[in-house]
Amino acid sequence: MTSGTAFSGDDPRQLLSGTRELTRQVRRTQRATWFPLLVLAAVTFAAIPFRYSPHRLGACAATETWRVCTGYSPALLVYWPTALVLAYVVIAAFYIRRSQARGVGTRVRPYVVAGIILALAMTGSLLWTLHHPLAFTLGGPGGLFSVLHSYPFAIGLALVVLAWAERNGALLALALGYLAVVLVTATFSPVLGFPVQLVTAGSVLLLGGIGFLLAQRPWRRAA
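Note that this is a predicted model, so its numbers are computed, not measured.

Cut-off values and rules
- Residues numbered from 1 in each chain as written.
- Predicted model: local features only at pLDDT ≥ 70, side-chain atom pairs only at ≥ 80, totals over all residues.
- Heavy atoms only, no water.
- Patch = residues over 30% accessible without salt bridge, like charges linked within 9 Å, V, L, I, M, F, W, Y side chains within 5 Å.
- Areas by Shrake-Rupley, 256 points an atom, 1.4 Å probe, with all protein chains shown as cover.
- Salt bridge = Lys/Arg side-chain N within 4 Å of Asp/Glu carboxyl O.
- Helix = DSSP H or I, 4+ residues; strand = E, 2+ residues; numbered from the N terminus.
- Expected span 1.5 Å × (residues − 1).
- Buried < 20%, exposed > 50% of the residue type's maximum accessible area, 1.4 Å probe, protein only.
- Arc of directions from axis to C-beta.
- Phe/Tyr/Trp six-rings, centres within 6.5 Å; stacked < 30°, edge-to-face > 60°.

Participant: When you look at a nonpolar patch on the surface in this model, what are you seeing that I'm missing?
Facilitator: A cluster of nonpolar side chains, namely F45, L206, L207, I210 and L214, defines an oily patch on the protein surface of about 450 Å² accessible area. The element best represented in the nonpolar patch is helix α8 (residues 196–216), accounting for 4 residues. Tracing the backbone shows L214 in helix α8.

Here is the structure:
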């Protein structure tokens, strides 16, 4: 007489489920969310001196109610896309090296590609709006266009992509909070006359990076 009993561990569906759960656990261990946050914080703080360049690109246009002039440092237009592209290349290299060392990769490619595309698209869009001042009157002077046309905002959108790629709810919450801070400070920074947006955005990235570094403790896993 033979027995028809099968061990539950031999069920292909359970084996597949167990493999997926193990993969998710390893990817959580593989996360290095702190690294891109710290790199982007450094890039943001390094942009501050370029803001004080005496040269400006822009144009003026008038409506029946107000006169609108745009101005932007050409040094920043060169710095931001160059620094961000290099930053994303460094981030990609860091993640690839970790993947090779630990044998399990993370989905960093969508984040890097999105970050580079957003940086370059922001440059093209900003150049267009600088020479079409009336675009800045949407929602009033300093309205929607002037708020959204900032590289820190592009950084925040890329962080949302990274949160999706890593399935990281904590990073998503940080990214959304960061975007809210960027939008608020971008609205009031022209009035304050100081790069409040860059200082505040860089501080959020720096504190977030330190928080994730302490939470993920990569030195402990390396040991």
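Participant: What is the right way to read α8 from this model?
Facilitator: Each α-helix winds once per 3.6 residues, and so residues spaced three or four apart point in a common direction. An ideal rise of 1.5 Å per residue puts 30 Å on 21 residues; α8 measures up with 30 Å between its terminal C-alpha atoms. For α8, the complete set of buried residues consists of Q197, L198, A201, G202, L205, G208, G209, F212 and Q216. For α8, the angular spread of the buried residues around the axis is 130°, confining them to a single face. Residues of α8 that are exposed and point more than 90 degrees away from the buried face comprise L207 and L214. Positioned one or two residues after α8, R217 has a phi angle of 45°, which is positive.

Participant: Honestly, the packing of aromatic side chains in this entry has me stumped. Any pointers?
Facilitator: The relative placement of two aromatic rings is captured by the distance of their centres and the angle of their planes. In total, this model carries 8 aromatic pairs according to the counting rule given. Relative to F94, the ring of F35 has its centre 3.9 Å away and its plane inclined at 10°; by these criteria the two rings are stacked. Of the two residues, F35 sits in helix α2 (residues 34–46) while F94 sits in helix α3 (residues 74–102), which places them 59 residues apart along the sequence. Taking the centre distance of 5.7 Å and the plane angle of 65° together, the rings of Y79 and W80 count as edge-to-face. Neither Y79 nor W80 differs from the other in exposure class; each is buried. Within the aromatic cluster, the residues linked to one another by ring pairs are W34, F35, F94 and Y95.

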